[in-house]
Amino acid sequence: MRALRSRLSRSNSAIGKSLLALLSSGNLSEEDWEDVEDTLLAADLGIEPTTELVDSLRARVAVDPTTDPEIAKDWLYADMLELVDPSMDRGLAASRVDGRPACILVVGVNGTGKTTTVGKLARVLVANDRDVVLGAADTFRAAAADQLETWGARVGVPVVRSDRDGADPAAVAYDAVRHGAEMEADCVVVDTAGRLHNKVGLMDELGKIKRVIEKQQPIDEVLLVIDATTGQNGLTQAKVFAEAVEVTGVVLTKLDGTAKGGIVVQVQRQLGVPVKLVGLGEGADDLAPFVPEAFVDAIVG
Ligand code: GDP
């Protein structure tokens, strides 16, 4: 939790600080409130949530214009926390169930950090004493299987892949799940391709992977990877995946390089699924569970 807070604080402008400065300066003018709004919008919180937050804060400050700025900051914290919704279930299904491994499918647009996330996730699971198998079902991007194999060697987990570029991703996913069952693994994590040039093609491919895995066992978790730096555009693209498969959680990557952490709120609102994990860098230890309190603390400052 401390890691998430300190890593995010470095890149997120502490909204609370500018609010504190504004409130300390006395009565807030219309322009000052616009500044508060701009700060929240700059963090990619989205128009609707920003308006809700500012309206609520304004209404309360209006009752007592001499409100202690620290108290107003606490209100902002509480309202923001509510927006992030701490009640959502952010647990990850990564343990054996019904005598079989858990299966996690990882989907998302190419370049968002899918393969890296699979590697980092394997590292977290191994650190938690789980036996893990990785499936390199991104057979479209030539280097993806090699990249995953490097991660496998680094983390010490087997990687099931095809020797052929362009092999059937569903066949690789099938083999990975079968291998996981044979070695009585705790969890099989399957990387997939994220070509977006053709929505129907993508849906067909993901649908086929899903069907083929489900011939053997249920899929317990579908994680959608979204690059936090791509804002609403990235979110719009990500929605195509959510239409193709039933997503159970989001991994928001590259939060280390952006002050746009507010995108969490938009992701959850527009997709209706919780952000479960966040990527905070390119290294093996740079994946963290998403903790709403730590996150809001980092943003409000
Ligand atoms: P994929 O095409 O979705 O599988 O994407 P990759 O896993 O190959 O990642 C694309 C690039 O993003 C690589 O250079 C990764 O090192 C980088 N990347 C992935 N996750 C993060 C993250 O959380 N933070 C940063 N800064 N870079 C990341």
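- By the naming in an unreviewed UniProt entry, the chain is Signal recognition particle receptor FtsY, taken from Marihabitans asiaticum.
- Recorded in UniProt under Catalytic activity (unreviewed entry), the annotation for the chain is "GTP + H2O = GDP + phosphate + H(+)".

## A closer look at unusual backbone geometry
Consideration 1: Non-glycine residue Asp44 carries a positive phi angle of around 70 degrees.
Consideration 2: Classification of Asp44 by relative accessible area gives buried; the value is 15%.
Consideration 3: Positive phi is not limited to glycine here, since Glu184 has a value of about 50 degrees.
Consideration 4: Here Glu184 lies in the loop between helix H8 (169–182) and strand E4 (187–192).
Consideration 5: You can call Glu184 exposed: its relative accessible area is 56%.

## What about the UniProt feature "domain: SRP54-type proteins GTP-binding" (unreviewed entry) in the chain?
Consideration 1: Those residues carrying the UniProt feature "domain: SRP54-type proteins GTP-binding" (unreviewed entry) are residues 274–287 in this numbering.
Consideration 2: Each end of residues 274–287 is marked by a C-alpha atom, and these two atoms are 16 Å apart; helix forms 0% of the span and strand 43%.

## Brief notes about the environment of Ala93
Consideration 1: Structurally, Ala93 is set in the loop between helix H5 (69–84) and strand E1 (102–107).
Consideration 2: Separated by 10 residues in the primary sequence, Ala93 and Cys103 have C-alpha atoms spaced 8.0 Å apart.
Consideration 3: Those residues in contact with Ala93 that lie beyond four places of it in its chain are Ala102, Ile104, Asp220 and Glu221.

## Considerations on the packing of H5 against helix H12 (residues 292–300)
Consideration 1: It is at 9 Å that the axes of H5 and H12 come closest, and there the two elements cross at 135 degrees. Considering their axes alone, H5 and H12 lie oblique with respect to each other. Handedness of the crossing formed by H5 with H12: right-handed. Each of Lys73, Leu76, Tyr77, Met80, Leu81 and Val84 in H5 lies in contact with H12, whose residues at this interface are Pro292, Glu293, Phe295, Val296, Asp297, Ile299 and Val300.
Consideration 2: In terms of residue class, the contact of H5 with H12 is built from 10 nonpolar, no polar and 3 charged.

## Remarks on the pairing of E4
Consideration 1: Counted residue by residue, E4 has 6 buried out of 6 residues, so it is predominantly covered.
Consideration 2: Both faces of E4 are covered, namely the face carrying Cys187, Val189 and Asp191 and the face carrying Val188, Val190 and Thr192.
Consideration 3: Across 5 bridges, E1 lies against E4 in parallel orientation. Note on E4: the bridge partner recorded for Val106 is Asp191.
Consideration 4: Of the pairings in the sheet, the one linking strand E2 (residues 132–137) to E4 comprises 6 bridges and is parallel in character. Each bridged residue has a counterpart across the sheet, and for Ala137 the counterpart in E4 is Thr192.

## Things to note about the site of the ligand
Consideration 1: Close to the ligand lie 17 residues; Gly111, Lys114, Thr116, Asp256 and Glu282 are nearest.
Consideration 2: A distance of 3.0 Å is found between an oxygen atom of the ligand and a backbone nitrogen or oxygen belonging to Gly113.
Consideration 3: Gly281 places a main-chain nitrogen or oxygen 3.3 Å from an oxygen atom of the ligand.
Consideration 4: In isolation the ligand offers 580 Å² of accessible surface; the protein chains occlude 81% of this area.
Consideration 5: Counting residues per element, the shell around the ligand draws most heavily on helix H6 (residues 114–127), at 4 residues.
Consideration 6: Of the residues that constitute the shell around the ligand, the class distribution is 2 nonpolar, 9 polar and 6 charged.

Calculation notes
- Residues numbered from 1 in each chain as written.
- Predicted model: local features only at pLDDT ≥ 70, side-chain atom pairs only at ≥ 80, totals over all residues.
- Heavy atoms only, no water.
- UniProt positions renumbered as here; feature names shortened; annotations may be inferred.
- Buried < 20%, exposed > 50% of the residue type's maximum accessible area, 1.4 Å probe, protein only.
- Helix = DSSP H or I, 4+ residues; strand = E, 2+ residues; numbered from the N terminus.
- Contact = heavy atoms within 4.5 Å.
- Axes fitted to C-alpha atoms, helices over the stretch in contact; angles between N-to-C directions.
- Parallel < 35°, antiparallel > 145°, perpendicular 65-115°, else oblique.
- Left-handed = near helix turned anticlockwise from the far one by under 90°.
- Nonpolar A, V, L, I, M, F, W, Y, C, P; charged D, E, K, R; others polar.
- Pairing = 2+ DSSP bridges.
- Near = heavy atom within 4 Å.
- Polar contact = N/O pair within 3.5 Å; in protein donor to acceptor, adjacent residues only side chain to side chain.
- Areas by Shrake-Rupley, 256 points an atom, 1.4 Å probe, with all protein chains shown as cover.

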